[in-house]
Amino acid sequence: MKIARSLQSLKPSYIREILAAAKAPHMISLAGGLPAEDTFPMHILAPIMTQLARLPSLFQYGPTQGYGPLLAYCDQHFAYQPTHTSLITTGSQQGLDLIARAYLDAGDAIVMEAPSYLGALQVFELAQARILPVAQTSTGPDLTQLEAYFAKHSPKLFYAVPDFHNPTGVCWSHATREHVATLCQRYGVVLLEDAPYRELRFSGESLPMVSELCPEQAVVLRSFSKYVSPGMRVGVITGPERFICPLITLKQAADLHSSVPMQALLLETLMYSDFPQHLQAIRTLYQVRYQVLTGALAEQLPQCAATPIDGGMFVWLTLPRCDVEQLAAHLLQQGVAVVPGSVFYPADVDAPPCCAVRLNFTHAEPDTLVEGVSRMADVFAHIQE
Ligand code: PMP
């Protein structure tokens, strides 16, 4: 059977391919966006699972919008106004897919940060959107370029990850958040705020979400993957009813509803009395791993620069001029997997050559992080000979 035209240019995710290679014995993987498995709250989940197994009604088909008590929790914690509602999704990745299918026709303009989350690039490229890449600075998107895009191309959406960006770890400043909210309101562009790393702040002061500053002009994607468990596959989209309702109908056609037992398990976990302490322990663990990784980088690769971060899961390491894809291939041969920064840019866009790699610091143990950096330093020394 011939594949649909819209799928003909779809490439499998580079990261998923690297992750497959990274499973080889003795390989050190700094490639995936994986949380540490010892942060999964098994001590909280196990007794709750036993209780839930006594409730057959949870294992019946459920409502498309989501499990009622979890939706009530979302209304209470995430809705900015009474006219806002939520839709539970199978991970926030499904939220991205539903938004693209509901709102984008081929050729519609959307703005994305460059670099940007690979899974979002995949979704928007599949939707055949016209991607306008806005350059990223250390405080967020380049505001002059963003306004020029808004004024000239009337994009439907601005997709952004303001808290601990994937892949760069950048967190937008307060002033940038206010400015972007004002621009979205002034030009009638909907902000799609993707916030899977927001709970993983381990230093610095908390800043308002950008959507909080333009609540009628924004839709938020939240995920429980990074601080509860990615395998549970629960995310939530929240925003004004007029934006969310079409997504509910679309989800009906996509998968009827997300797993009800997993939604119930997630809710009980979030409400568990010790959950805040558990979350704090995750932040501390990740801060230590971040410090170990950046300490080793400063010592062993002083010619490279790691963008400082206050949270999240990634370090963006800028290197002296080199071909990062070739470098990543060399590193893989020497037993360390990293993601070359070039894969995070939209295809067919003239971007300056990318001299950075993304390193994940949350999954590997501290000793392994240090060993990974030492292997990187060996490869560098060899390349520069
Ligand atoms: N958005 C961003 C920015 C991500 O980094 C990820 C996961 N890597 C997702 C969305 C998808 O997360 P999930 O589907 O597990 O909720």
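Its UniProt record, at the heading Cofactor (unreviewed entry), says of the protein: "pyridoxal 5'-phosphate".

Caption draft 1: Spotlight on the environment of A160. Summarising the element assignment, A160 is placed in strand β6 (residues 157–160). Residue classification places A160 among the buried residues on the basis of 29 C-beta atoms within 10 Å. The sequence separation of A160 and D194 amounts to 34 residues, and the corresponding C-alpha distance is 6.1 Å. Leave out the neighbours within four places in its chain, and A160 touches E113, P141, L191, E193 and D194.

Caption draft 2: Focus on the packing of helix α4 (residues 91–103) against helix α5 (residues 118–126). Closest axis-to-axis distance for the α4/α5 pair is 9 Å, and the angle between their directions is 25°. Overall, the two elements α4 and α5 adopt an arrangement that is roughly parallel. As α4 packs across α5, the resulting crossing turns out to be right-handed. Note on element contacts: α5 touches α4 through G119, A120, V123 and F124, opposite Q93, L96, D97 and A100. For the contact of α4 with α5, a count of residues per class yields five nonpolar, two polar and one charged.

Caption draft 3: Molecular detail of the sheet that holds strand β11 (residues 314–318). One open sheet holds the four strands; their spatial order is β10-β11-β14-β13, and the pairing between them is antiparallel. Edge strands, defined here as strands with exactly one partner in the open sheet, are β10 (305–306) and β13 (339–340). In this structure, β10 lies alongside β11, joined through two bridges in antiparallel fashion. Counted as the bridge partner of A306 is L317 from β11. Running at roughly 15° to β11, helix α11 (residues 275–300) makes contact with β10, β11 and β14 (356–360) of the sheet.

Caption draft 4: Quick peek at the site of the ligand. In the neighbourhood of the ligand, 14 residues make up the surrounding shell, with G91, S92, Q93, S223 and S225 lying closest. When residues of the shell around the ligand are assigned to their parent elements, the largest contribution, three residues, is made by α4. Tallied by class, residues from the shell around the ligand come to four nonpolar, nine polar and one charged.

Caption draft 5: Highlighting the sheet that holds strand β4 (residues 130–137). On the basis of which strands lie adjacent, the open sheet formed by eight strands has the order β2-β9-β8-β7-β6-β3-β4-β5 and mixed pairing. Each end of this open sheet is capped by a strand with a single partner; those strands are β2 (84–89) and β5 (140–141). Alignment of strand β3 (residues 109–114) against β4, held across six bridges, turns out to be parallel. Looking at β4, one finds that I110 is bridged to I131. Sitting on the sheet, α4 is in contact with β2, β6, β7 (190–194), β8 (218–223) and β9 (235–240), with an inclination near 150° to β8. Across the sheet, helix α6 (residues 143–153) lies against β3, β4 and β5, angled at about 160° from β4, the strand it touches most.

Caption draft 6: View of the nonpolar core. Ranked by internal contacts, the top residues of the largest apolar core, which has 107 residues, are I110, F124 and V338. With six residues, the top contributor of residues to this core is helix α10 (residues 260–271). Both domain 1 (5–40 + 276–384) and domain 2 (56–270) contribute no fewer than three residues apiece to this core.

Caption draft 7: Representation of the environment of K226 in the model. Here K226 lies in the loop between β8 and β9. By the C-beta count within 10 Å, which is 24 here, K226 ends up buried. Here the alpha-carbon distance between K226 and C355, two residues 129 residues apart in the chain, equals 27 Å. Once you skip the residues sitting within four places of it in the chain, K226 turns out to touch P35, P196, Y197, L200 and M313.

The rules behind these values
Residues numbered from 1 in each chain as written. Predicted model: local features only at pLDDT ≥ 70, side-chain atom pairs only at ≥ 80, totals over all residues. UniProt positions renumbered as here; feature names shortened; annotations may be inferred. Helix = DSSP H or I, 4+ residues; strand = E, 2+ residues; numbered from the N terminus. Buried ≥ 20, exposed ≤ 12 C-beta atoms within 10 Å, placed from the backbone. Contact = placed C-beta atoms within 7 Å. Axes fitted to C-alpha atoms, helices over the stretch in contact; angles between N-to-C directions. Parallel < 35°, antiparallel > 145°, perpendicular 65-115°, else oblique. Left-handed = near helix turned anticlockwise from the far one by under 90°. Nonpolar A, V, L, I, M, F, W, Y, C, P; charged D, E, K, R; others polar. Pairing = 2+ DSSP bridges. Near = placed C-beta within 6 Å. Core = buried A, V, L, I, M, F, W, Y, C linked by C-beta atoms within 7 Å. Domains from an automatic or database assignment.

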